[in-house]
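Read off the chains here:
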Amino acid sequence: MAISSTPELLVLHAVRLRGMTTEAEAAARFGLDVDTVGELLLDLQAYGRVGRSSFAGTSGWSLTDAGRAEGERLLAEELAGSGYGPFVRERYETFLAYNARCLTACTDWQLRPDGSGRLAVNTHGDPVWDARILDELTVLGGVLDTLSAELGIRLLRLAGYGERFSAALARVRRGEFSWVDRPRADSCHTVWMELHEDLLATLGIARGAEPEPPAAS
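What you are looking at is a predicted structure, and each value in this text was computed from that prediction instead of being measured.

A closer look at the packing of helix 6 (residues 127-152) against helix 8 (residues 188-203)
Between helix 6 and helix 8, whose axes approach to 12 Å, the crossing angle comes to 35°. Where helix 6 crosses over helix 8, the handedness of that crossing is left-handed. Here L140, L144 and L151 of helix 6 come into contact with helix 8, specifically with V191, W192, L195 and L199. Here the contact of helix 6 with helix 8 is built from residues that sort into 7 nonpolar, no polar and no charged.

Right, here's the structure in full:
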């Protein structure tokens, strides 16, 4: 049976995944009513779990240490109650096996050898180079689609990553090259990294304490 997370957990989790977010962005992340999200954020602020902040010309809600701890408590409680812990960990290990490939593809999209042994900005003037990367991202999108579908029929909040990645890749193929790694947008890199953070949070694994990734097939 698919587990539907509580609105409080979803709001805390949306703020964690985005790092800093507005009411509208947090609501859109999990399909919640924006007014309900606004009220929950004010309640969470009163409990010291979120706060408003500004950085580099943007402002929004972000987690406090107390909010991060509460979110992790709710996630652990949800996972334990679902019985899906072993399944989620298996899919996390599958994700890890492909993680380095995604990071390499995104780096190669930004930089390429200039012929003198150094790296230069990829100006996308070499269609063969770019086609290789797009082929790799297509494979990785298929991996993400399968993982997200398998996870999402068990924990509903883990659904949708594959569709978001594919939508970004479609934009790249139409010539919107920044959608491979565009920050603060649903680019391929953003979606991939968000699922990574989602799995770490769900399993209660701290960054830096991750296991060695298995080899991808």
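A few points about the pattern of salt bridges
Should their charged atoms come close, side chains of opposite charge can pair. All told, the structure shown has 22 salt bridges when counted by the stated rule. Residues R18 and E25 are paired through a salt bridge, measuring 3.5 Å at the closest nitrogen-oxygen approach. With a shortest N-O distance of 2.8 Å, R73 and E70 are connected by a salt bridge. Here R73 and its partner E70 are both found in helix 4 (residues 65-82), 3 residues apart, which amounts to about one turn of the helix. Its relative accessible area of 42% is what places R73 among the partly exposed residues. Owing to a relative accessible area of 11%, E70 belongs among the buried residues under this scheme. Connected through shared salt-bridge partners, R16, R68, E72 and E197 make up one network.

Considering the packing of aromatic side chains
With the rule as written, the count across this model stands at 3 aromatic pairs. Through pairs of rings, three or more aromatic residues link up here, namely F95, F165 and W192. Stacked on the ring of W129, the Lys or Arg R112 has its end atom at 4.9 Å from the ring centre. A cation over an aromatic ring shows up here: R154 above the ring of F87, its NZ or CZ 3.8 Å from the ring centre.

Basis of the calculations
- Residues numbered from 1 in each chain as written.
- Predicted model: local features only at pLDDT ≥ 70, side-chain atom pairs only at ≥ 80, totals over all residues.
- Heavy atoms only, no water.
- Axes fitted to C-alpha atoms, helices over the stretch in contact; angles between N-to-C directions.
- Helix = DSSP H or I, 4+ residues; strand = E, 2+ residues; numbered from the N terminus.
- Left-handed = near helix turned anticlockwise from the far one by under 90°.
- Contact = heavy atoms within 4.5 Å.
- Nonpolar A, V, L, I, M, F, W, Y, C, P; charged D, E, K, R; others polar.
- Salt bridge = Lys/Arg side-chain N within 4 Å of Asp/Glu carboxyl O.
- Buried < 20%, exposed > 50% of the residue type's maximum accessible area, 1.4 Å probe, protein only.
- Phe/Tyr/Trp six-rings, centres within 6.5 Å; stacked < 30°, edge-to-face > 60°.
- Lys NZ or Arg CZ within 6 Å of the ring centre and 35° of its normal.

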